Amino acid sequence: GLQQNFLEIQKASAAVKGAGGGRGVQLERSSSLLSSSVDEKSRDSGGSGRLSGGSASASLVEKDAEIEQLQTELEAVKAANEQDKEYIAQMDGESMRKDEMLHSLQQQMKASEDVRKRLHNQVMELKGNIRVFCRVRPFMDGDGKTGDKPSDMACLTSGDRPMVQICQQAAAGGRKRDLVTNEYMFDEVFMHDTTQEGIFKEIEPLLQSVMDGFRLCIFAYGQTGSGKTHTMQGSTERGCDDEQRGVVPRALETIMHIRQAMRKTGWEVSLEVSAMEIYNEVIRDLLTDSDDTSKKGLDISADKTGEVVVRGLTVLEVQDEQAIYEVLESSAKRRQTASTCHNAVSSRSHSVVQLKVMMKHRKNKETRRGVLNLIDLAGSEKVTSQHDATQFREAQNINKSLSSLLGVIQALASKSKHVPFRDSKLTHLLSSSLNGDGKALMFANLSPRMGHVSETINTLRFAESVNKVQLGTGKIKDKDAA
């Protein structure tokens, strides 16, 4: 009978062994003690003939009591193990339900993100895939020293669209007192009292498009001295605390902030920045020493994906805002400048800061690739007899590339079979971003000086031509549309 009981206990022990935790160990220990007690009792029974009857009987009774106690303990451990198994099964079921819920929430989040991305893009397209903002700089003390005075220029509205109104003398043959009033409508007009922060707030939503995987170009166009570089670069002496910093540093800072938010939702985001200038139709690296001949006259070509790239260009991965300002400071020092009749320090090249954003989601493996091009165009003034030979050649190349830019934009709008991207290095460089579903914003920077009215009107005409175009869908904007 004892051996049978022991076999049953061993079977029970094997059934619950490994069910988990300290109770499994306790069960094994109780089974071992019980086995020892049974063996000992068997030995006592076998040798009872050598003991007196009373002693053998007392020993067997004690062993019976010990075995019974161990059996009771074993049953308690078995019951507790059963409870543990039920609890583990319950937790497994709960864990599965939570995994399913998490997966469902992740799917809902992705669906919501897709909807947000689509709606954001629709909003941007409704506003126009290419937009033109006009900015008038203040009339400064230095302007008055030349004997010049502010031009008769005003910001008005037509319906809900802002416009610039400017007056000029009548053409030759008209009376001197006759004035001709011209009006030009744009998506936004900023007068001289608009702050750098106020300017940037109007373009900040476009930067989300870059993080959604689109390509964006932001240009500053205008004659020398109209405030292009101030709009784009501004002052960066105090880094992100400088209120006068321009579109370029603010845009890169914003991309950094969006990256931090995306990382919290499972995205891996890397940022690569490069800086170059196009001077006399030659591309030069602005992130390397000027005497490095291998970085002069860089070539444009297509990579294996078909994207237009500059071969040999320095590309830096940036991790924080400090790295951004180091890149901007380095590139600004190397840009080609010269003194002109319009400005003591004039940029004689197109400056391009390019940021490439590579994104991959850790869970659903979705990938995105966005590109941000920030372009400070060279001065757009016409060639005059006041230019020397070097400046004459510079101005010719500048105006040729600006004309090519307008030609490309108009060809895209009319869905021409041939878009002349290769007519200039600037349009060739930006061809991947201007084509397809690319987005663009142009600042038309205006001087308030009366002596600059002729160039101001040229800028307004150029900007108005760009403003009629809608990229991507290849449509012409209705001039009178809201």
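Numbering of residues starts from 1 in each chain and follows the order in which that chain's sequence is written. Selection of residues for local features in this predicted model requires a pLDDT of at least 70, selection of side-chain atom pairs for listing and counting requires 80 or more, and totals for whole chains, interfaces and linings are taken over all residues. Side-chain numbers come from the whole structure's heavy atoms, not from hydrogens or water.

### Looking at the overall build of the chain
Part 1: Helix and strand assignments come from DSSP, with helices taken as H or I runs of at least 4 residues and strands as E runs of at least 2, each series counted from the N terminus. Each helix and strand counted, the chain has 12 helices and 19 strands in total.
Part 2: Burial here depends on accessible area, computed with a 1.4 Å probe over protein chains only, as a share of the maximum for the residue type. Under 20% is buried, over 50% is exposed, and the range in between is partly exposed. Here the chain holds 482 residues, and the buried ones make up 46% of them.
Part 3: A sequence separation of at least 24 residues applies to 69% of the contacts in the chain between residues at least 6 apart. Contact between two residues is taken to exist if any of their heavy atoms lie within 4.5 Å; hydrogens are not considered.

### Here we look at unusual backbone geometry
Part 1: One non-glycine residue, Asn 280, adopts positive backbone phi at about 50 degrees.
Part 2: According to the relative accessible area criterion, Asn 280 is buried, its value standing at 13%.
Part 3: Unusually for a residue other than glycine, Lys 365 sits at a positive phi of about 65 degrees.
Part 4: Along the chain, Lys 365 turns up in the loop between strand 15 (350-361) and strand 16 (367-376).
Part 5: Accessibility expressed as a relative area gives 52% for Lys 365, which makes it exposed.

### Structural notes on the packing of aromatic side chains
Part 1: We call Phe, Tyr and Trp rings a pair once their centres come within 6.5 Å, taking the six-membered ring for Trp, and we label the pair stacked below 30 degrees between planes, edge-to-face above 60, and tilted otherwise. In the structure shown here, the tally under the stated rule is three aromatic pairs.
Part 2: Measuring from centroid to centroid gives 5.7 Å for Phe 133 and Phe 190, while their planes differ by 75 degrees, and the two rings are edge-to-face. Of the two residues, Phe 133 sits in strand 1 (residues 130-136) while Phe 190 sits in strand 5 (residues 188-190), which places them 57 residues apart along the sequence.
Part 3: When its relative accessible area of 7% is taken as the criterion, Phe 190 is described as buried.
Part 4: Ring centres of Tyr 221 and Phe 462 lie 4.1 Å apart, and the angle between their planes is 5 degrees; on these two criteria the pair is classed as stacked. With Tyr 221 in strand 6 (residues 215-221) and Phe 462 in helix 12 (residues 453-467), this pair connects stretches of sequence that are 241 residues apart. The residues Tyr 221 and Phe 462 share a single accessibility class, namely buried.
Part 5: Put simply, the rings of Phe 133, Phe 190 and Phe 443 pair up and form one aromatic cluster.
Part 6: Here, over-ring charges are defined by two tests on the NZ atom of lysine or the CZ atom of arginine: distance to the ring centre within 6 Å, and angle to the ring normal within 35 degrees. When the ring centre of Phe 214 is taken as reference, the NZ or CZ atom of Lys 439 above it lies at 4.7 Å.

### With respect to helix 7 (residues 247-263)
Part 1: Multiplying 1.5 Å by the helix residue count minus one yields the expected span of that helix. In this model helix 7 runs 24 Å from its N-terminal to its C-terminal C-alpha over 17 residues, within 8% of the 24 Å that 1.5 Å per residue would give.
Part 2: The buried fraction of helix 7 is high, at 13 of 17 residues.

### Observations concerning the packing of helix 5 (residues 196-211) against helix 7
Part 1: At their nearest, the axes of helix 5 and helix 7 sit 9 Å apart, and the two run at 45 degrees to each other. Taken together, the axes of helix 5 and helix 7 lie oblique to each other. As helix 5 packs across helix 7, the resulting crossing turns out to be right-handed. Listed contacts from helix 7 to Gln 196, Glu 197, Ile 199, Phe 200, Ile 203, Glu 204, Leu 207, Gln 208, Val 210 and Met 211 of helix 5 are Val 247, Arg 250, Ala 251, Thr 254, Ile 255, Ile 258, Arg 259 and Met 262.
Part 2: Of the residues assigned to the contact of helix 5 with helix 7, the class counts are 11 nonpolar, three polar and four charged. Throughout, an axis means a line fitted to C-alpha atoms (over the contacting stretch in the case of helices), and angles, computed between N-to-C directions, take values from 0 to 180 degrees. The scheme is simple: roughly parallel for angles under 35 degrees, roughly antiparallel for over 145, roughly perpendicular for 65 to 115, oblique for anything else. Helix crossings fall into two classes, left-handed where the near helix is turned counterclockwise from the far one by less than a right angle and right-handed where it is turned clockwise. Think of it as three bins: nonpolar holds Ala, Val, Leu, Ile, Met, Phe, Trp, Tyr, Cys and Pro, charged holds Asp, Glu, Lys and Arg, and polar takes everything else, Gly as well.

### A short note on helix 12
Part 1: Helix length check: helix 12 (15 residues) gives 20 Å between terminal C-alpha atoms against 21 Å at 1.5 Å per residue, within 8%.
Part 2: Listed as buried for helix 12 are Val 453, Glu 455, Thr 456, Ile 457, Thr 459, Leu 460, Phe 462, Ala 463, Glu 464, Val 466 and Asn 467.

### Section: the nonpolar core
Part 1: Within this scheme, the nonpolar core is defined by two criteria: the residues are buried Ala, Val, Leu, Ile, Met, Phe, Trp, Tyr or Cys, and they are joined through side-chain atoms within 4.5 Å. In this structure, Phe 186, Phe 219 and Leu 434 are the most contacted members of the largest nonpolar core, which totals 51 residues.
Part 2: Here this core takes nine residues from helix 9 (residues 389-413), the largest share from any one element.
Part 3: Counting 41 residues, the second-largest nonpolar core is a separate cluster that includes Val 210, Val 247, Ala 251 and Ile 258.

### Some details on the packing of helix 7 against helix 8 (residues 321-334)
Part 1: Direction vectors running N to C along helix 7 and helix 8 enclose 155 degrees, while the axes themselves pass 10 Å from each other. With respect to their mutual orientation, helix 7 and helix 8 come out roughly antiparallel. Relative to helix 8, the crossing made by helix 7 is right-handed. From helix 7, Val 248, Pro 249, Leu 252, Glu 253, Met 256 and His 257 reach across to helix 8, where they touch Glu 321, Ile 324, Tyr 325 and Leu 328.
Part 2: Looking at the contact of helix 7 with helix 8, its residues break down into seven nonpolar, one polar and two charged.

### Describing the environment of Glu 272
Part 1: Here Glu 272 is to be found in strand 7 (residues 267-279).
Part 2: For Glu 272, a relative accessible area of 29% puts it in the partly exposed group.
Part 3: Sequence separation of Glu 272 and Lys 356 is 84 residues, and the distance between their C-alpha atoms is 5.2 Å.
Part 4: Once residues lying within four places of it in the same chain are set aside, the contact partners of Glu 272 are Val 315, Leu 316, Glu 317, Gln 354, Leu 355, Lys 356 and Met 358.

### Some points on the environment of Ala 332
Part 1: On the secondary structure map, Ala 332 appears in helix 8.
Part 2: Considering only alpha carbons, one finds Ala 332 and Leu 286, 46 residues apart in sequence, at a separation of 7.8 Å.

### Some points on the pairing of strand 7
Part 1: Among the 13 residues that make up strand 7, 10 are buried, leaving the element largely enclosed by the rest of the structure.
Part 2: In terms of strand pairing, strand 7 meets strand 15 through 12 bridges, oriented antiparallel. Looking at the pairing, Glu 268 lines up with Lys 360 of strand 15.
Part 3: Both strand 7 and strand 12 (residues 316-317) contribute to a ladder of two bridges, which runs antiparallel. Following the sheet pairing, Val 273 is matched in strand 12 by Leu 316. In this analysis, strands are considered paired if DSSP registers two or more bridges between them.

### Overview of the side chain of Thr 459
Part 1: Tracing the backbone shows Thr 459 in helix 12.
Part 2: With residues near it in sequence (within four places) discarded, Thr 459 still touches Tyr 221, Gly 222, Gln 223, Ser 380, Ala 444, Asn 445 and Leu 446.

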